Amino acid sequence: MLEKVLDTIKKYNMLCSGDNVVVGVSGGADSMALLHILKRFEQYLDIKVCVAHIHHGIRGQDADKDAEFVHQISKEWGIPFFLKKADIPALSEKWHMSEEETGRWVRYSFFEEVCHDTGANRIALAHHKDDNAETILHNIIRGSGLNGLAGIRAVRDEHVIRPLIEIGRAEIEEYCKEYDICFRHDYTNDDIKYTRNRIRHQLIPYIQENFNPNFTDTLIRMGHIAADDDDFLMDYARGELVKQAIVEDNDIRLPLDILLQMPTAIQRRMIRLAAMHLMGRDYVLELRHIDSIIDLVRCSQVGAVIHLPLELRAIKEYNFFVLRKGVSDGKVCIPPFIYELNIPGEIFVKEIGMMLSAQRVPEMNKGLCSPWHVYIDADSISPPLIIRNRLKGDKFNPLGMKGSKKLKDYFIDRKIPREQRSKVPLVVSGQHILWVVGYQISNSARIQKGTQNIVALEAKMVNNHNMNV
């Protein structure tokens, strides 16, 4: 078994010389075997290990005994030990998440915390081949997408590793017996009132006996195929998110028109990745949450809000879909800004992270027209153009309307939130607003039949290469 684990480590490039590894140890056979193996590999692979144990506050004295057992073994084996106690039921109720998801969130957050405190760069978990098969089948029963069908990844985020992922439960138990490794038994794993345990103890044995004796391997093979497909779609969605997202401290904004053009498979992944960027890589939106968000984007009125776990909100604005972290009202202070834009030329408005450009063109390309790419009559302006945000008393003559209205009233009519109005750049010539960027041009600057000189104006958010997705 040691050779098989070493082959897995090499196959997936899990460990390198000098790595410091946090090992998640519950005290069960799987995690005790993993800890024993990695401790044996310390000199051979030139690595260092430490132990992280979570007390979930669920199983009373049994959980206390688990923590004491892992602590004692760590001392005997000369391994640094870290403990976290959490009240998972209370946190589950507070965060509006299942106890399973809450426990997962707390565990991974703790492992990352130990990495930070110790300088470790790897987190090793004891999931094995049978765990993977059970997870895939459980996800099939729940109606999972490709990500769920892919099962448990051997390596996640380049630092969460699972060296036992190609080893079966029986092999692990035999290893513990061979090396006289003590472990704790969690009796809740035998209780078939839990779906996961019925899958383990009843469903998989039944299928193996009556349909396919190699069912576990079949599920794993299907998982690898699903993982390849999901990785491709995630990479595409990640690229689109980086191109299109407007990232602020607690917000991510996506242009509604861009998001609505995407296939549903990409919409789901962009939303999931955006949530992970705001909340951390271990934040998982359930499919029901994601589909509710897509319904919000497609069908809801401007201003509609969905409240998600851990105080994350999905908000539909007039031109944007917004994910917002925390309970703040989203108010941000955008200072007054003013820039000159030559024709041709471009300028970067650093206050809002936007690039605006102007160029003369021979004719209007209707296929490019959008709230972010407009054409105006050059004879109606006096260069250079001025780029600024709103001023008190501004008036605007929207396309198709006779006469002007207060810009404030225009923003209200377009349901632009008050806290967002200072972020909207205006393209101005003299005292006339030619373009409310992202919304509409002025009626006086429109292209008409006799227009000879045309200027194309374009606004683009600068790519955010620091997105942690």
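Everything quoted here is computed from the prediction, not taken from an experiment. (Residues numbered from 1 in each chain as written. Predicted model: local features only at pLDDT ≥ 70, side-chain atom pairs only at ≥ 80, totals over all residues. Heavy atoms only, no water.)

**Comments concerning the overall build of the chain**
Then, number 1: Each helix and strand counted, the chain has 14 helices and 22 strands in total.
Then, number 2: Seen through its principal axes, the chain has C-alpha atoms that stretch 90 × 50 × 40 Å.
Then, number 3: Within the chain, contacts between residues separated by at least 24 positions form 68% of all contacts whose residues are at least 6 apart in sequence.
Then, number 4: Looking at the chain as shown, the accessible area adds up to about 23700 Å², and 50% of this sits on carbon and sulfur atoms. (Helix = DSSP H or I, 4+ residues; strand = E, 2+ residues; numbered from the N terminus. Contact = heavy atoms within 4.5 Å. Areas by Shrake-Rupley, 256 points an atom, 1.4 Å probe, with all protein chains shown as cover.)

**A closer look at the packing of helix H12 (residues 264-279) against helix H13 (residues 287-299)**
Then, number 1: Running from N to C, H12 and H13 point in directions that differ by 110 degrees, and their axes come no closer than 10 Å. When the interaxial angle is binned, H12 and H13 end up roughly perpendicular. Classified by chirality, the crossing of H13 by H12 is right-handed. Touching Thr-264, Gln-267, Arg-268, Ile-271 and Arg-272 of H12 are Leu-287, Ile-290, Asp-291, Ile-293, Ile-294 and Arg-298, all from H13. (Axes fitted to C-alpha atoms, helices over the stretch in contact; angles between N-to-C directions. Parallel < 35°, antiparallel > 145°, perpendicular 65-115°, else oblique. Left-handed = near helix turned anticlockwise from the far one by under 90°.)

**Observations regarding the packing of helix H2 (residues 29-45) against helix H8 (residues 169-178)**
Then, number 1: Packing of H2 against H8 brings their axes to within 9 Å, and their N-to-C directions diverge by 65 degrees. Read as a crossing pair, H2 and H8 show a hand that is left-handed. For the pair formed by H2 and H8, the contact residues are Ala-29, Asp-30, Ala-33, His-36, Ile-37 and Arg-40 on the first element and Ile-172, Tyr-175 and Cys-176 on the second.
Then, number 2: In terms of residue class, the contact of H2 with H8 is built from six nonpolar, one polar and two charged. (Nonpolar A, V, L, I, M, F, W, Y, C, P; charged D, E, K, R; others polar.)

**Examining the sheet that holds strand E21 (residues 440-441)**
Then, number 1: Here five strands make up an open sheet; going across it, the order is E12-E16-E19-E20-E21 and the pairing antiparallel. Two strands close off the open sheet at either side, each with one partner strand: strand E12 (338-341) and E21.
Then, number 2: The sheet contact formed by E12 and strand E16 (residues 385-388) spans four bridges and is antiparallel. The residue bridging Leu-341 from the neighbouring strand is Leu-385, located in E16. (Pairing = 2+ DSSP bridges.)

**Some details on the pattern of salt bridges**
Then, number 1: On inspection of all chains with the given rule, the structure shows 25 salt bridges.
Then, number 2: Between Asp-131 and Arg-169 there is a salt bridge; the shortest N-O distance is 3.7 Å. Of this pair, Asp-131 sits in helix H6 (residues 129-142) while Arg-169 is found in helix H8, placing the two residues 38 residues apart along the sequence.
Then, number 3: Take Arg-169: its relative accessible area is 19%, and that puts it in the buried class.
Then, number 4: Residues Glu-317 and Arg-253 are paired through a salt bridge, measuring 2.5 Å at the closest nitrogen-oxygen approach. Of this pair, Glu-317 sits in the loop between strand E10 (312-316) and strand E11 (320-325) while Arg-253 sits in strand E8 (residues 251-255), and the two are 64 residues apart along the sequence.
Then, number 5: Of the residues examined, Glu-317 reaches a relative accessible area of 5% and is grouped as buried.
Then, number 6: Overlapping salt bridges bring together Asp-131, Glu-134, Arg-169, Arg-196 and Arg-200 as one network. (Salt bridge = Lys/Arg side-chain N within 4 Å of Asp/Glu carboxyl O. Buried < 20%, exposed > 50% of the residue type's maximum accessible area, 1.4 Å probe, protein only.)

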